[in-house]
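A look at the structure
The residues making up each chain are set out below.
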Amino acid sequence: ALLWREKFPTKELYLKRTDKPEETAIGLAGDSEVLSRFEAIRHQNELNVLWYGEKQPSDSDTPYHLYYRNINLSNNQVSPLERVMPGYYPMLAMDGQGNVMVASWMAKEKPARMATRFRGAETKTFGPSVTIAEVPNMSPVYRVFENQGRWFVMWLGMYDPKVGEFILEGAYSDDAGTTWQRFAMEELRGIDMGSLDIATNAEGHILVAVSGRYRKDPDTDKHKIFIVRSEDNGSTWSLAPTPRP
């Protein structure tokens, strides 16, 4: 399946089956005024799609919301359009059973906060919105993932960018997003990050690799590489040796 966003003649998010080129592309966005950020994850014959639109709902003071649909790839049946939550950055993760976690930064809330909603594979409905933490400002360097039954949300907090007060932080949940345990990677405090990659395995090992530099470094400096690892599925973290300059 191929997904892309068009702006003209109207804003639309299209799905095209590359194994069925004769079929017309399917429009997914409805009247959500889709923007260019979207996520998609496939589980068996179901494709789960999350995006961010700028339609102004009558019951909200912000036009920016996350929208969700799933598509049965066996028959191209599309689920009803769902407005999941307000927020700027759409992030979607899935476990091996097809359960879905959606997260977003609610920048217009007072106070601004990071929140999630969980969609069960059996119920096929989203549960209530759960607040993880107050987050006054953050960067799009941001991930949601699952490993061995534990869900993670990780983001680059920007508490005073003028003086370089950046910190990679996050939270994990062992109960499908009902409660969250917050953490921060103090070894990476002060690094203005440009990229974030995560690798996991079935033994509960997690590697977090970031590129970035300190604000005091000259703008002409290349980014440095930093790796933080966990051997207990995110309960504790330690700085690993840098693999190369």
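Scroll up to find the structure this text is about.
Read on for an overview of the structure. Just so we're clear, the structure is a prediction, and the values are computed from it rather than from any experiment.

**Quick word on the overall build of the protein**
Within the protein, the secondary structure is distributed over zero helices and 20 strands. Taking 245 residues into account, the globule formula puts the C-alpha radius of gyration at 18 Å, and the protein, at 19 Å, falls close to it. Taken along the three principal axes of its C-alpha coordinates, the protein extends 50 × 40 × 35 Å. Counting only residues that meet the buried cut, the protein has 48% of its 245 residues in that class. Long-range contacts, defined here as pairs at least 24 residues apart, represent 39% of the contacts in the protein between residues at least 6 apart. A total accessible area of about 12400 Å² is found for the protein, and carbon and sulfur atoms account for 49% of it. Of the charged side chains in the protein, 29 are positive and 33 negative; the average position of the first set lies 4 Å away from that of the second.

**What about the environment of Leu 168?**
Tracing the backbone through its elements, the reader meets Leu 168 in strand S15 (residues 165–173). Once the C-alpha coordinates of Leu 168 and Gly 87 are considered, the two residues, 81 residues apart in sequence, prove to be 20 Å apart. The residues contacting Leu 168, other than those within four sequence positions of it, are Met 154, Trp 155, Leu 156, Ala 184, Met 185, Leu 188, Met 193, Leu 196, Val 208 and Val 210.

**Comments concerning the sheet that holds strand S19 (residues 224–230)**
Overall, antiparallel pairing links the four strands, which are arranged S17-S18-S19-S20 in an open sheet. The sheet is open, and its two edges are formed by strand S17 (191–200) and strand S20 (238–240), each paired on a single side. Averaged over neighbouring strand pairs, the angle between their axes works out to 30 degrees when direction is ignored. Strand direction decides the pairing type here: strand S18 (residues 206–214) and S19, joined by seven bridges, are antiparallel.

**Looking at the packing of aromatic side chains**
On inspection of all chains with the given rule, the structure shows 15 aromatic pairs. For the ring pair Tyr 89 and Trp 105, a centre distance of 6.2 Å and an interplane angle of 15 degrees mean the geometry is stacked. Highlighted residues: Tyr 89 in the loop between strand S8 (82–86) and strand S9 (91–94) and Trp 105 in strand S10 (residues 100–106), separated in sequence by 16 residues. Across the pair, Trp 105 and Tyr 89 agree in class, each one buried. One aromatic cluster in this structure is built from Tyr 52, Tyr 64, Tyr 88, Tyr 89, Trp 105 and Tyr 142. Here Arg 150 stacks its cationic end above the ring of Tyr 172, 3.9 Å away from the centre of that ring.

**What about unusual backbone geometry?**
For the bond running from Phe 8 to Pro 9, omega is 0 degrees, close enough to zero to count as cis. With respect to the element layout, Pro 9 can be found in the loop between strand S1 (2–6) and strand S2 (12–16). Between Lys 110 and the following residue, Pro 111, the backbone shows a cis peptide bond with an omega angle of 0 degrees. Positionally, Pro 111 belongs in the loop between S10 and strand S11 (113–119).

**Some remarks on the pattern of salt bridges**
Under the counting rule described, the total for this entry stands at 15 salt bridges. Across the pair Glu 54 and Lys 11 runs a salt bridge whose closest N-O atoms are separated by 2.1 Å. Taken together, the residues span a long stretch of sequence, with Glu 54 in the loop between strand S5 (46–53) and strand S6 (65–72) and Lys 11 in the loop between S1 and S2 at a distance of 43 residues. Residue Glu 54 is classed as partly exposed on the basis of its relative accessible area, which comes to 27%. The partner of Arg 17 in a salt bridge is Asp 19, with the nearest N and O atoms 3.0 Å apart.

**Some remarks on the nonpolar core**
Core analysis: the biggest nonpolar cluster contains 23 residues, and Met 114, Tyr 142, Val 153 and Trp 155 have the highest contact counts within it. Counting only elements with at least two residues in this core, the list comes to S9, S10, strand S12 (130–134), strand S13 (138–147) and strand S14 (150–160). Within the second largest apolar cluster, 21 residues are counted, among which are Val 141, Phe 152, Met 185 and Val 210.

The rules we used
Residues numbered from 1 in each chain as written. Predicted model: local features only at pLDDT ≥ 70, side-chain atom pairs only at ≥ 80, totals over all residues. Heavy atoms only, no water. Helix = DSSP H or I, 4+ residues; strand = E, 2+ residues; numbered from the N terminus. Rg over C-alpha atoms; globule rule 2.2 N^0.38 Å. Buried < 20%, exposed > 50% of the residue type's maximum accessible area, 1.4 Å probe, protein only. Contact = heavy atoms within 4.5 Å. Areas by Shrake-Rupley, 256 points an atom, 1.4 Å probe, with all protein chains shown as cover. Lys, Arg positive; Asp, Glu negative; His and termini not counted. Charge placed at Lys NZ, Arg CZ, Asp CG, Glu CD. Pairing = 2+ DSSP bridges. Axes fitted to C-alpha atoms, helices over the stretch in contact; angles between N-to-C directions. Phe/Tyr/Trp six-rings, centres within 6.5 Å; stacked < 30°, edge-to-face > 60°. Lys NZ or Arg CZ within 6 Å of the ring centre and 35° of its normal. Salt bridge = Lys/Arg side-chain N within 4 Å of Asp/Glu carboxyl O. Core = buried A, V, L, I, M, F, W, Y, C linked by side-chain atoms within 4.5 Å.

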